Amino acid sequence: MAGFRVAALQMRSGTDTARNAADFEALVREAAGKGARYVQSPEMTGALQRDRKSLFASLRPQASDIVVGAAEKLARELGIYVHVGSTAIAREDGKVANRAFLFDPAGNLVTTYDKIHMFDVDLDNGESWRESNTYEPGRETVIAELPEARLGLAVCYDLRFPQLFRAQALAGAEVLTAPAAFTRQTGEAHWHVLLRARAIENGAWLVSAAQGGRHEDGRETYGHSMVVDPWGRIVAEADHDEPGVIVADIDVSASAKARAKIPNLRNAREFTVRTAGSVPVEQRKAS
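Residues numbered from 1 in each chain as written. Predicted model: local features only at pLDDT ≥ 70, side-chain atom pairs only at ≥ 80, totals over all residues. Heavy atoms only, no water.

Undergrad: An account of the pattern of salt bridges is needed here, citing residue identities and associated values.
TA: Counting across every chain of the model gives 23 salt bridges. Here Asp16 makes a salt bridge to Arg19, at a shortest N to O gap of 3.5 Å. Judged by its relative accessible area of 33%, Asp16 is partly exposed. Take Arg19: its relative accessible area is 37%, and that puts it in the partly exposed class. Asp241 is paired through a salt bridge with Arg184; the nearest N and O atoms lie 2.6 Å apart. One end of the pair, Asp241, is in the loop between strand E15 (234-237) and strand E16 (244-251); the other, Arg184, is in helix H5 (residues 184-202), with 57 residues separating them in the sequence. Its relative accessible area of 18% is what places Asp241 among the buried residues. (Salt bridge = Lys/Arg side-chain N within 4 Å of Asp/Glu carboxyl O. Buried < 20%, exposed > 50% of the residue type's maximum accessible area, 1.4 Å probe, protein only. Helix = DSSP H or I, 4+ residues; strand = E, 2+ residues; numbered from the N terminus.)

Here's what the structure looks like:
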């Protein structure tokens, strides 16, 4: 198949996993009703919870997680691909994963992906995040081979690491994903340009479901769920931070056409880095 309809869910997940799962189910059903063959939810679909004690108390292993179970059921019942952008999962070794799930139309688990890059930052407005204090980072990128397309999996902060998406594109991915919970501050500054840049650089579609609005744990996320085509054009966007659904028809052949026009994947060359000049580091700091 050259084309298929995709949907990105915009959510405002709170601290109650059962309520979030119910909201997720309602939005998936809405997306399927709009003809979506593939439905993606944001990062941390199951809960946005800053309090580590409360988060750990609510964690479940993959086999009994409420959101994962709902996704499996909905995929089978509706006959669609359901991509949980991510949710917090208790690992067997006692650690926590920020894990994505992809189910096929028969309800089979196609793959999982654990977020690689941890959001450890201090922002200008006093916001400070240390994801590595809670989550164990993943160690491998994942491409799902679907009949409709090769789909690259990523999560939120991964978006700032272009080498991950380049590796997926070089391995044949035509559709890239970046479900997210971008902060309002970073979203206003960088969300649109990062999504468009990753699509343009790799001649690939990019689908990003997002969290949006003020959440129960006090954080604010940017929203603006988006689908970008391989030429960098925004073909669908939730131009706000309210919960909802956006859909877009993806023509996978557009990826090959973009790569034929700008063959940068083929034109890339190996190189080394040489530093010129002889000013000592201490002198540069002093000046």
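Undergrad: Any details on the environment of Leu206? Residues and values, ideally.
TA: Looking at the element boundaries, Leu206 is found in strand E11 (residues 205-208). For Leu206 and Arg219, which are 13 residues apart along the polypeptide, the C-alpha to C-alpha distance reads 25 Å. When sequence neighbours within four positions are dropped, the list of residues in contact with Leu206 reads Leu176, Ala178, Leu195, Arg198, Ala199, Met226, Val227 and Val228. (Contact = heavy atoms within 4.5 Å.)

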